[in-house]
Amino acid sequence: MSKTVYTTNAPAAIGPYSQAVIAGNMVYTSGQIAINPLSGNVEASDICGQTEQVCENLSAVLKAAGTSLSKVVKTTCYLRNMEDFALFNEVYGKYFTEKPARSCVAVRELPKNVLVEVDAVAEL
């Protein structure tokens, strides 16, 4: 049996999905984008600022699920421009110090025209 996760410390879902789902001893997050949960807006305009907000949002969702970024085993990262890869990695590396497995791809477009989206799978 699975359980949905919700916190006001991360942006509410902007579609028919949950912020995360707990299944067994694992948490599967939905993709997080750079929406500030307090304002409901994308405030950062550059890849570093947006990556920070994404990581803060993921951290909040994982905390609500009873786990943390240090327990993440896999992420999938979507960049609008692969030229942002190095700057993205600088910020990402500050948050994901345990170096989980990762896929990182460039995509043509992301919700709200953001530059980055990340989802994660973590252990409880």
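Treat the numbers as computed from the prediction; the structure is a model and nothing was measured.

Here is what the cut-offs are and how they apply
- Residues numbered from 1 in each chain as written.
- Predicted model: local features only at pLDDT ≥ 70, side-chain atom pairs only at ≥ 80, totals over all residues.
- Heavy atoms only, no water.
- Phe/Tyr/Trp six-rings, centres within 6.5 Å; stacked < 30°, edge-to-face > 60°.
- Helix = DSSP H or I, 4+ residues; strand = E, 2+ residues; numbered from the N terminus.
- Buried < 20%, exposed > 50% of the residue type's maximum accessible area, 1.4 Å probe, protein only.
- Core = buried A, V, L, I, M, F, W, Y, C linked by side-chain atoms within 4.5 Å.
- Pairing = 2+ DSSP bridges.
- Axes fitted to C-alpha atoms, helices over the stretch in contact; angles between N-to-C directions.
- Contact = heavy atoms within 4.5 Å.

Visitor: Whenever I open this one, the packing of aromatic side chains confuses me. Can you help?
Guide: The description of an aromatic ring pair rests on the distance of the ring centres and on the angle between the ring planes. Taken as a whole, this structure holds 2 aromatic pairs when the rule is applied. Note on phenylalanine 88 and tyrosine 92: the rings are 5.4 Å apart at their centroids and 40° apart in plane angle, and the pair reads as tilted. You can see phenylalanine 88 and its partner tyrosine 92 sitting in helix α2 (residues 85-95), 4 residues apart, about one turn around the helix. Of the two residues, phenylalanine 88 and tyrosine 92, both sit in the buried class. With a centroid separation of 4.4 Å and an interplanar angle of 25°, the aromatic rings of tyrosine 92 and phenylalanine 96 are classed as stacked.

Visitor: Teacher, can you tell me more about the nonpolar core here?
Guide: What tends to happen in soluble globular proteins is that the nonpolar side chains get buried as a cluster. Grouped together as the largest cluster of nonpolar side chains are 28 residues, with contacts concentrated most on Leu58, Leu69, Val72, Phe88, Phe96, Val116 and Val118. Counting residues per element, the ones that place at least two in this core are β2 (20-23), α1 (47-65), β6 (72-79), α2 and β8 (116-123). Ranked by the residues each element gives to this core, the list is headed by α1, at 8 residues.

Visitor: It is not clear to me how the sheet that holds β2 should be interpreted in this structure. Could you clarify?
Guide: The pairing of strands in a sheet comes from backbone hydrogen bonds and takes either a parallel or an antiparallel form. With respect to topology, 6 strands assemble into an open sheet ordered β1-β2-β3-β8-β6-β7, the strand pairing being mixed. Looking at which strands have only one partner, the edges of the open sheet turn out to be β1 (2-5) and β7 (101-106). Mean inter-strand twist for the sheet, computed between neighbouring axes without regard to direction, equals 15°. As paired strands, strand β3 (residues 26-29) and β8 are joined by 3 bridges and run antiparallel to one another. For methionine 26, the partnering residue across the bridge sits in β8 and is glutamate 123. The sheet contacts of α1 involve β1, β2, β3, β6 and β8, and relative to β8 the element is tilted by about 30°.

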